[in-house]
Amino acid sequence: MRRHRRVAWAESPAEGERRAEAGLGGGGSASRPSATEEDDDDEAEAEAGKSREPGGVGPGARAREVQAGGSSGGGQPLLRGIFQIQKESCDVVLSARRLSWSPIRPEGVGGGSSMGQQHKEEYIEMKDVFSVKLKRRRLAGQQKGGLLLGIAIFVCLKKEGNKLKDSIINLSNLSEDHCHLWLKHMKEILSGFPNRPKSLKVFVNPTSHRKEATHIYYEQVAPLFKLADIRTDVTVTEYEGHALTLLKECDLTSFHGVVSVGGDGTASEVAHGLLLRAQMDAGVDTDNQRPPVRAKVPLGIIPAGSTNALAHTLNGIQHTLTAILHIILGHLQSVDMCTFRTPSKVLRFGFSSVFGFGSRTLAFAEKHRWLPPNQRKDFAVVKTLANLKPEDCELSFLPIKPLEQDAQENDRKKREGLKLDSREDWHKIHGHFLNVSIMAIPCLCSMAPRGLAPNTRLNDGTLALIAVRNTSRPEFVKHLRRYASVKNQFSFPFVETHIVEEVKVCLRTEKEDGTRDRLNSAQKDTYPWNVDGDLMEWPSEVHVRVHPQLITMYGRSVDAIDHLKGSCSCL
Ligand SMILES: Nc1ncnc2c1ncn2[C@@H]1O[C@H](COP(=O)(O)OP(=O)(O)OP(=O)(O)O)[C@@H](O)[C@H]1O
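These numbers come from a predicted model, not from an experiment.

## Describing the packing of helix α4 (residues 242-249) against helix α5 (residues 264-282)
With their axes 8 Å apart at the nearest point, α4 and α5 run at an angle of 20° to one another. With respect to their mutual orientation, α4 and α5 come out roughly parallel. Here the hand of the crossing between α4 and α5 comes out right-handed. Residues H242, A243, L244, L247, K248 and E249 of α4 form the contact with α5, whose own contacting residues are E269, V270, H272, G273, L274, L276, R277 and M280. In terms of residue class, the contact of α4 with α5 is made up of seven nonpolar, three polar and four charged.

## Regarding the packing of helix α8 (residues 357-367) against helix α9 (residues 373-386)
Two elements in contact, α8 and α9, have axes whose closest approach is 8 Å; the angle formed by their N-to-C orientations is 125°. Classified by the interaxial angle, the pair formed by α8 and α9 is oblique. When the axes of α8 and α9 are compared, the crossing they make is right-handed. Residue-level contacts link F357, R360, T361, F364 and A365 of α8 to R376, F379, A380, V381, K383, T384 and L385 of α9. Tallied by class, the residues present in the contact of α8 with α9 amount to seven nonpolar, two polar and three charged.

## A word on the pairing of strand β5 (residues 98-103)
Regular strands show a simple pattern: their side chains alternate between the two faces of the sheet. With respect to burial, β5 is a largely interior element, six of its six residues being buried. In β5, alternate side chains face the same way, and those of R98, S100 and S102 on one face and L99, W101 and P103 on the other are all buried. As defined by bridge partners, strand β4 (residues 88-95) adjoins β5 across five bridges and the pair is classed as antiparallel. Directly across from L94, in β5, lies its bridge partner L99.

## A closer look at the site of the ligand
Surveying the vicinity of the ligand reveals 21 residues, the closest of which are H209, G263, T266, E269 and S306. Residue T237 places a side-chain N or O atom 2.7 Å away from a nitrogen atom belonging to the ligand. At 3.3 Å from a nitrogen atom of the ligand is found a main-chain nitrogen or oxygen belonging to E238. Across the complex, the protein chains shield 86% of the 640 Å² of accessible surface that the ligand would expose by itself. Here the shell around the ligand gets four residues from one element, more than from any other, and that element is α5. For the shell around the ligand, the per-class residue count stands at one nonpolar, 14 polar and six charged.

## Describing the side chain of T313
Inspection of the secondary structure puts T313 in helix α6 (residues 309-315). Of the residues examined, T313 reaches a relative accessible area of 0% and is grouped as buried. One polar contact links the side chain of T313 to the main-chain carbonyl oxygen of A309, over a distance of 2.5 Å.

## Side note on unusual backbone geometry
Notably, Q86 is not glycine yet its phi reads approximately 50°, a positive angle. Turning to its location among the elements, Q86 is positioned in the loop between β3 (77-85) and β4. Not every positive phi belongs to a glycine, and K87 is a case in point at roughly 65°. Following the sequence through the fold, K87 ends up in the loop between β3 and β4. Look at K87 and you get exposed, because its relative accessible area is 67%.

## Side note on the packing of aromatic side chains
Summed over all chains, the structure comprises 11 aromatic pairs. Ring centres 5.0 Å apart and planes at 80° place the aromatic pair F83 and W182 in the edge-to-face group. Separated by 99 residues along the polypeptide, F83 in strand β3 and W182 in helix α2 (residues 176-191) bring together distant segments of the chain. In this structure F83 comes out as buried when scored by relative accessible area, which is 1%. A residue is classified by how much of its surface remains accessible, and W182, at 1% relative accessible area, is buried. Judged by centre distance (6.4 Å) and plane angle (65°), the rings of Y217 and F225 are edge-to-face. Just as Y217 is buried, F225 falls in that class too. An aromatic cluster is present here, built from F340, F355, W529 and W538 joined pairwise through their rings. One Lys or Arg, R98, reaches over the ring of Y123 and ends 3.8 Å from the middle of that ring. The lysine or arginine in question, K201, covers the ring of F203, its NZ or CZ lying 5.2 Å from the ring centre.

## Describing α4
Taken residue by residue, α4 has H242, A243, L244 and L247 as its buried positions. Looking at the buried side of α4, the elements it contacts are β10 (199-204), β11 (231-236) and α5.

## Things to note about the environment of K159
Relative to the helices and strands, K159 resides in the loop between β8 (147-158) and β9 (164-172). For K159 and T322, which are 163 residues apart along the polypeptide, the C-alpha to C-alpha distance reads 9.9 Å.

## Let's talk about helix α3 (residues 213-227)
Given a rise of 1.5 Å per residue, 15 residues ought to cover 21 Å, and the 20 Å separating the end C-alpha atoms of α3 matches this to within 8%. Those residues of α3 lying buried are A213, I216, Y217, V221, P223, L224, F225 and L227. Positioned one or two residues after α3, D229 has a phi angle of 60°, which is positive.

## Remarks on the nonpolar core
Counting residues in hydrophobic clusters, the biggest one holds 48 residues, and the most contacted among them are L274, L299, F351 and I551. Those elements that place two or more of their residues in this core are α4, α5, β13 (299-303), α6, β14 (332-341), β18 (427-439), β19 (463-469) and β24 (541-554). A domain split of this core shows at least three residues from each of domain 2 (199-330) and domain 3 (346-414 + 422-549 + 559-567). Apart from the residues lying within four places of it in its own chain, the contact partners of L299 are V258, S260, A267, V270, A271, L274, I551, T552, M553 and Y554.

## Some points on the pairing of strand β23 (residues 534-538)
Two strands pair when backbone bridges link them, and strand β22 (residues 527-531) and β23 are joined in this way by five bridges, in the antiparallel orientation. Note that in β23 the partner of P528 across the bridge is E537. Between the antiparallel neighbours β22 and β23 lie two residues, among them D532 with a positive phi of about 50°.

## Observations regarding the side chain of T322
Turning to its location among the elements, T322 is positioned in helix α7 (residues 320-328). Beyond its immediate chain neighbours, meaning those up to four positions away, T322 contacts N162, K163, L164, N315 and I317.

## Section: the state of the cysteines
Under the definition given, this model contains zero disulfides. The thiol of C445 is unpaired, and the distance to the nearest cysteine sulfur, on C443, comes to 7.4 Å. Given the relative accessible area of 1%, C445 is considered buried.

Rules used throughout
- Residues numbered from 1 in each chain as written.
- Predicted model: local features only at pLDDT ≥ 70, side-chain atom pairs only at ≥ 80, totals over all residues.
- Heavy atoms only, no water.
- Axes fitted to C-alpha atoms, helices over the stretch in contact; angles between N-to-C directions.
- Helix = DSSP H or I, 4+ residues; strand = E, 2+ residues; numbered from the N terminus.
- Parallel < 35°, antiparallel > 145°, perpendicular 65-115°, else oblique.
- Left-handed = near helix turned anticlockwise from the far one by under 90°.
- Contact = heavy atoms within 4.5 Å.
- Nonpolar A, V, L, I, M, F, W, Y, C, P; charged D, E, K, R; others polar.
- Buried < 20%, exposed > 50% of the residue type's maximum accessible area, 1.4 Å probe, protein only.
- Pairing = 2+ DSSP bridges.
- Near = heavy atom within 4 Å.
- Polar contact = N/O pair within 3.5 Å; in protein donor to acceptor, adjacent residues only side chain to side chain.
- Areas by Shrake-Rupley, 256 points an atom, 1.4 Å probe, with all protein chains shown as cover.
- Phe/Tyr/Trp six-rings, centres within 6.5 Å; stacked < 30°, edge-to-face > 60°.
- Lys NZ or Arg CZ within 6 Å of the ring centre and 35° of its normal.
- Expected span 1.5 Å × (residues − 1).
- Core = buried A, V, L, I, M, F, W, Y, C linked by side-chain atoms within 4.5 Å.
- Domains from an automatic or database assignment.
- Disulfide = S-S within 2.5 Å.

What follows is the structure in C-alpha cells.
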C-alpha cells in the first residue's frame, strides 16, 4: 500500500511548527505542487498550494549575467551558504535587499568554471518576498516534527498587464541549524518593511454580485493572509450599512488596515465609515466647511462585486490575487475622495458620482434585485433608455487652473488690490442634461477600459465633470458605446468636460411666467444619485468637492493610467 507523504511548512519548532503550505514537491527544489504527495484530508494546505506558479520561481525569476565571483547590486551580504535549488547546488547570498544564487560548477581544466568567466546569477528582491517557512516532510496525520527539507520562500512576481502572481523558491538543505539561521535573518528583513500589515479588520459582503464574496475570502484570501502571518478580525455583514455601523463604533487602533471584500458599494461604504470615524476621533464637525481629516488606516479592496471599478482603478486590473498581494506587501497609495453635501450637511464621502441616466438606471436595477445581476443591469439600461429623460439643472463649478496661470492671476489681483480668494471664478452652465458625472478617480471597469473619467487621476486633486446635454436617443447611445471602444467618448457636440475642484448641482423648475428657477432646497423631494455604484436619494441641491489624497489605499498606481492620461484627446 502506498504511504502518503505530506510536505508541510513550519515556522520553527519553537513556534509550534505551524503548517502553512502543502502540495510542494518533497526533496526537490523550486518544484511544482505535487498532488501525489499531498494529504487529501488537508483542505487549507491543498488550497494554499493551488495558485502557485508552476515550476517555482526559477524560470520566472529575474536572471542576470554577472561577472564571476561578484554578487552585484544586492548590498552588503548578510549570509552566504550552500542550498540546492532546482536540484542544483547553489552558492546563495542573502543581503537586506536581495536573495541571489548561482549554480556551483565543477572546475574546468584551467581551474576556472566550466561555464567560462560568466556564470548565471538569479535573484529575487526581498521587498517582493511575503513569507518564509521551514519545509518539512510529514507522514499522513502527523502534526508536528518531520524531516526538515529546507526553506520555502514565497515571492510575488510581476506579470503582464499589472498582474501579480505568487510563487515559491525552495532552498533545500537538511541542516536544522543552517536553515534556522537563514530563516531568522530572512524574517528579520521582512519585519523591517514598514507598511506591511500585521493585523487587519475585514468586512465581507455575502450578498455582493453572485454571493461569492464569502467563498472568495475563505478560499483565496484567508490562506494567503495566514501564510503572511497577518492576524484578521472578520465580519460577514448582515445588512446594508452594517460595516458603517461597526466602523462608527469599533476601536481601530489595533489594526494596521481595513479590507473590504465585495463590490464598489461595500468598498465605498467602508471608505465612508473610515472617514467618518477619523472625523469623530479628531473631534471635527463634518457638517462645517472645514476640510476633513485623512482616514487613519489604509483600505484594501478585494474585488467580489459585479463592477469592481474601485479595485480595477487602484490596481490597473480586476484580479483577486493581485489585490491580495498588494495588501500583504503593503503597497500604499494616496487617493482623492469627495464630500457630497447639501448647503448645511455632509451626506457622504465617496469617489465617484453620476446623476441622470446613470442614477436612474441604478434606481431601476435596485427595484429589480430579484433578477440575476447581469440581466438586471442590461434590463435597467434598456428600460431607462426607452424612457430617456433629461434633468433640468444648473451646474456651478470651480475650474482648476494650471499653477502658472494661477500665479499670473494672483499677481494681477494683487496689483489691482483684489482679494485673492474671491469666488468670482465660479462658472455656470444650465439647461437639460441627460447625464452628469462627477469623478475624483478614473473608474476603470470592463465596460470602460479607458475609464469612465480618463481625464482625472487617482490622486491629482481634481474632479472630472462630464456633462451630457440633451440629445437624440441614437446620439446618446453612440456616446455610451464609445466608453467600451478606443474612441474618445467625449468628442460629441453635446458632451462637455471640465477639470474642477468643486461642483454644485441644483435642479431647476419652470415658473408660471415661463422662466426657470432653482428648486427650493428645503423641499422634501429627493432625487436618485449613483455614488460608487450605490443608490442615494438626495435633495435638489448637492455640492461635490474634491479632497486631495484623503485616504490611503492598498494597491499600486498604474502606468496604464499615466499612458491613458497622456493619450486622451478629450482635453
Ligand atoms: N448582508 C447584507 N445584506 C444586504 N445588503 C448588504 C449586506 N451587506 C452589505 N450590503 C450592502 O450591499 C450593497 C451592494 O454591495 P456591493 O457593491 O458589494 O455588491 P454589488 O452591487 O454586487 O457590486 P458592484 O457595486 O461592484 O456592482 C452595499 O451597499 C452594502 O451596504
